[in-house]
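Architecture and fold: a report
Chain by chain, the residues:
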Amino acid sequence: MERDTLLGLYDDMWLIRAFEQGLEREFEQGNVPGMLHTGLGQEATQAALAAHLDATDCFFPDHRCHGINALAQHRHRGDGERIMAELFGRSTGVCGGKGGSLHSADPTVGNYGDNAVEGSYMATVLGVALAAQLRGEPKVACAIIGDGTVGRGEFHESLNMAAIWKLPVLYACVNNGYAISMPVGDGHASADIIDLAKGYGFECRQVDGNDIVESHRAVGDAVAHIRAGEGPYFLELKTWRWQGIFAGEFRPAEEVKYWREEHDPILMADEVLESMGVDAAAREAIESAQRARIEEWIAFAKKSPPPDLAKATADVYVGWEVAGR
Amino acid sequence: MSRTSFTKALNDALDIGLERFPEMFLIGEDIGEMGGDFAVTRDLWAKYGADRVRDTPLSEAAIVGTCVGAAVVGMRPVAEIMFADFLGECYDQIVNNAAKLHYMFDGQFTAPLVIRTACGGGFGGGPHHSQSVEGWFLNVPGIVIVAPSNPADAKGLLLASIESDDPVLFLEHKALYRARGEVPEGHFTTPLGTAVVAREGTDITVVATMRMVAMALAAAEELEAEGISVEVVDLRTIRPYDADTVLRSVAKTGRAVVANEAPRIGGLGAELSARIHEECFSDLAAPVGRVDALDAPIPFSVPLEHEILPQPAHVTAAIRTTLEAVR
Ligand SMILES: Cc1ncc(C[n+]2csc(CCOP(=O)(O)OP(=O)(O)O)c2C)c(N)n1
Ligand SMILES: [Mg+2]
């Protein structure tokens, strides 16, 4: 990988990490309502995807995707702060505060919105892909799904239909080892989700999702395959989430140590960059610039007004008004 | 105008829609060469091809999901879910996606899709092929529920549904497929969200949907001989429904019966009755009467099914009871 490409991805990973850590702090202080799931530890998966998906493509983010949402918003429209504002429930958010952490969308940057009913868009993604196929557009429609989400029946309906119609779907399965408390191997017939996908007969691949170089290459190959009209692609990105469950850490200490201290995607990228001659000072400059940016975004969110109450019943229907109180 | 069956009227509407809207396609199980379980899509596959009249495996969630995804990028999909009883399989896609995405994403998306489905009992279909499901969706803001009672409305309402930018659940009562009636030729739409006074009367209002409309009209005919004048309101759209037409009629007659085929608890009859009581209380000479199914699943055996479902005699009886009741 070229040094500049890796530097760009490194920058993106720091944007994601700074975003999530800033958000986590604000959440703990009670400034962010609702629930919080972070993508900490999984930055490479999101940076790799964002690098290859254009604004005219489509991705359905999952509940740990604030990072890719913000990245897409920042890259394509220069207003990543509107993802932060959405999480604060403010009028300036991408959905005017109606969606929040689990329903942030902006189709103009390719973000078709999360579903808090985990993975419902495994079915929806088919339609976006079918429309692209019928219109002859070279669009990639990507569903980002957790390992636990794969337990839903829609997973199989979706892979089957994508296969029979050769749809341009990228399944990006972020296997972080657990669904809340359920270890992946206990919840599925195989701890390698790729084993469940292979039967549908299209291209499948498994990579170390914390290795940004490998993940970036794999997403690139998958996107090229789909754009070439070769049909769907299943990519399993093996990673690990820093966040335990709401009550705290439940995983074995040596596992936590391995993933946080030895297999952290940013530390792994640090090593590669070091070998390319990018020294610690240069890397720290990237980190602090992103942290400063995120503080600005948080400040923007905090000073943004809450939504107008008239919005509470707006946009229920296109063709009808719904009465307010 | 020509005399046409309900099925053919629907088929004509789909044909006209496919002709007019290049972004429209049909999707469902066995709707292609076979023309659908109830022949509603007959000949359309041959005319428009397999891309636009698309057969699928038994994957209801994926069928509706495909519609939602295609609709948000500007297509106009029309799904056929073979039997309404199967809507549980795609309930999440309808309720949590189609109905909510315009709202939860702050108007950035619309979901102009139609889900056609065959509902209702009376043919020995048993517990999983006979249900009236409007109550499953009545509590869902964002969905439009359309329920025609005759061939002309079937055509006009289906074309209006196809052209609507809101997601529509289009209920086709199986007992009506063979009903015949005068249907205007060519393209026309019947506005969604509008009820119609199917028969004018002065003594009592019957608000009915789908198959119950014919029963209400027959009851009105029968009672006319006794000097009782029954007004029949065909609701046509169940959600959002035309409260004005209903309330205006009840304010005029002072008495009302609501008739639908679903079980009583938590259904359309409950909503209409509550609304009429709230808004026409001072006009009412008697409590609102209700005709609906007994509170049980729909059994297979013909006499048992007959016992569960509302019959013409129940409509007549409810009208008489409501006319005799005093405050
Ligand atoms: C259909 C559905 N079932 C259950 C939940 C509750 N839930 C939220 S996150 C989650 C675990 C998801 O696991 P996974 O897909 O592996 O994602 P991760 O949190 O590990 O990134 C569950 C069960 C939900 N939101 N939706
Ligand atoms: Mg997981």
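Residues numbered from 1 in each chain as written. Chains lettered and ligands numbered in written order. Predicted model: local features only at pLDDT ≥ 70, side-chain atom pairs only at ≥ 80, totals over all residues. Heavy atoms only, no water.

1. A few points about the packing of helix 5 (residues 121-135) of chain A against helix 6 (residues 153-165) of chain A
All names here are of chain A. At a minimum axis separation of 8 Å, helix 5 and helix 6 run at an interaxial angle of 15°. Comparing their axes, helix 6 and helix 5 come out roughly parallel. Our pair here, helix 5 against helix 6, has a crossing hand that is left-handed. Across the interface between the two elements, Met122, Ala123, Val125, Leu126 and Gln133 of helix 5 pack against Glu154, Phe155, Ser158, Met161, Ala162 and Trp165 of helix 6. Residue classes in the contact of helix 5 with helix 6 are distributed as eight nonpolar, two polar and one charged. (Axes fitted to C-alpha atoms, helices over the stretch in contact; angles between N-to-C directions. Helix = DSSP H or I, 4+ residues; strand = E, 2+ residues; numbered from the N terminus. Parallel < 35°, antiparallel > 145°, perpendicular 65-115°, else oblique. Left-handed = near helix turned anticlockwise from the far one by under 90°. Contact = heavy atoms within 4.5 Å. Nonpolar A, V, L, I, M, F, W, Y, C, P; charged D, E, K, R; others polar.)

2. Structural notes on the pairing of strand 2 (residues 141-146) of chain A
In regular strands, side chains alternate between the two faces of the sheet. All names here are of chain A. Of all six residues in strand 2, six are buried, a share of seventy percent or more. Both faces of strand 2 are covered, namely the face carrying Ala141, Ala143 and Ile145 and the face carrying Cys142, Ile144 and Gly146. Here strand 1 (residues 58-60) runs beside strand 2; their pairing, made up of three bridges, is parallel. The partner of Phe60 across the bridge, within strand 2, is Ala143. Pairing analysis gives six bridges linking strand 2 to strand 3 (residues 169-175), with the strands arranged parallel. Among the inter-strand pairings, Ile144 is bridged to a residue of strand 3, identified as Ala172. Following the backbone out of strand 2, through helix 6 and into the adjacent parallel strand 3, one traces a crossover that is right-handed. (Buried < 20%, exposed > 50% of the residue type's maximum accessible area, 1.4 Å probe, protein only. Pairing = 2+ DSSP bridges. Right-handed = clockwise from strand over helix to strand, strands pointing away.)

3. Brief notes about the site of ligand 1
Residue and element names in this part refer to chain A. In the vicinity of ligand 1 lie 15 residues, with His63, Arg64, Gly148, Thr149 and Tyr178 positioned nearest. Interatomic distance of 2.7 Å between a backbone N/O atom of Gly148 and an oxygen atom of ligand 1. In this structure, Arg241 approaches ligand 1 through a side-chain N or O atom, which is 3.0 Å from an oxygen atom. Its residues placed into classes, the shell around ligand 1 shows five nonpolar, five polar and five charged. (Near = heavy atom within 4 Å. Polar contact = N/O pair within 3.5 Å; in protein donor to acceptor, adjacent residues only side chain to side chain.)

4. Some thoughts on the environment of A:His76
Residues and elements named next belong to chain A. Tracing the backbone through its elements, the reader meets His76 in helix 3 (residues 66-77). Owing to a relative accessible area of 32%, His76 belongs among the partly exposed residues under this scheme. For the pair His76 and Asp54, spaced 22 residues apart in sequence, the C-alpha separation works out to 8.4 Å.

5. Remarks on the sheet that holds strand 13 (residues 256-263) of chain B
Residue and element names in this part refer to chain B. Taken together, five strands build an open sheet; the order of strands is 9-11-10-13-14 and the sheet is mixed. Two strands close off the open sheet at either side, each with one partner strand: strand 9 (196-199) and strand 14 (289-293). Neighbouring strand axes in the sheet, compared pairwise and without regard to direction, differ in orientation by 25° on average. In the sheet, strand 10 (residues 204-208) pairs with strand 13 via four bridges, with the strands oriented parallel. The residue of strand 13 that forms the bridge with Val206 is Val257. Against the sheet, helix 9 (residues 243-253) makes contact with strand 9, strand 10, strand 11 (230-234) and strand 13, and its axis sits at roughly 170° relative to strand 11, the strand it touches most. Across the face of the sheet, helix 10 (residues 268-279) comes into contact with strand 10, strand 13 and strand 14 while running at roughly 160° to strand 13.

6. Observations concerning the nonpolar core
Among the nonpolar cores identified, the biggest contains 181 residues, and A:Leu170, A:Ile212, A:Phe234, B:Leu87 and B:Ile276 are the most heavily contacted of them. The dominant element in this core, judged by the number of residues it contributes, is helix 1 (residues 3-28) of chain A, at eleven residues. Ignoring anything within four residues of it in the chain, the contact list for B:Leu87 reads B:Ile81, B:Ile94, B:Ile115, B:Thr117, B:Val133, B:Trp136, B:Phe137 and B:Leu169. (Core = buried A, V, L, I, M, F, W, Y, C linked by side-chain atoms within 4.5 Å.)

7. Quick look at the domain arrangement of chain B
Residue and element names in this part refer to chain B. What the domain assignment lists for chain B is domain 1 (2-183) and domain 2 (196-324). Distance between the C-alpha centres of domain 1 and domain 2: 26 Å. In this assembly, 33 residues from domain 1 lie in contact with 19 residues from domain 2. Roughly 2100 Å² of surface becomes buried between domain 1 and domain 2 when both sides are summed, with 59% attributable to carbon and sulfur atoms. The largest per-residue losses of area from domain 1 upon contact with domain 2 belong to Glu134, Leu138 and Ala147, which jointly make up 25% of the total buried on that side. Summed over the shared surface of domain 1 and domain 2, the result is one salt bridge. The interface formed by domain 1 and domain 2 contains twelve residue pairs in polar contact (both at pLDDT 80 or more). Breaking the side of domain 1 that touches domain 2 down by element, the ones donating at least two residues are helix 6 (134-138), strand 6 (144-146), helix 7 (151-163) and strand 7 (168-173). (Domains from an automatic or database assignment. Buried area = accessible area lost by both parts, 1.4 Å probe. Salt bridge = Lys/Arg side-chain N within 4 Å of Asp/Glu carboxyl O.)

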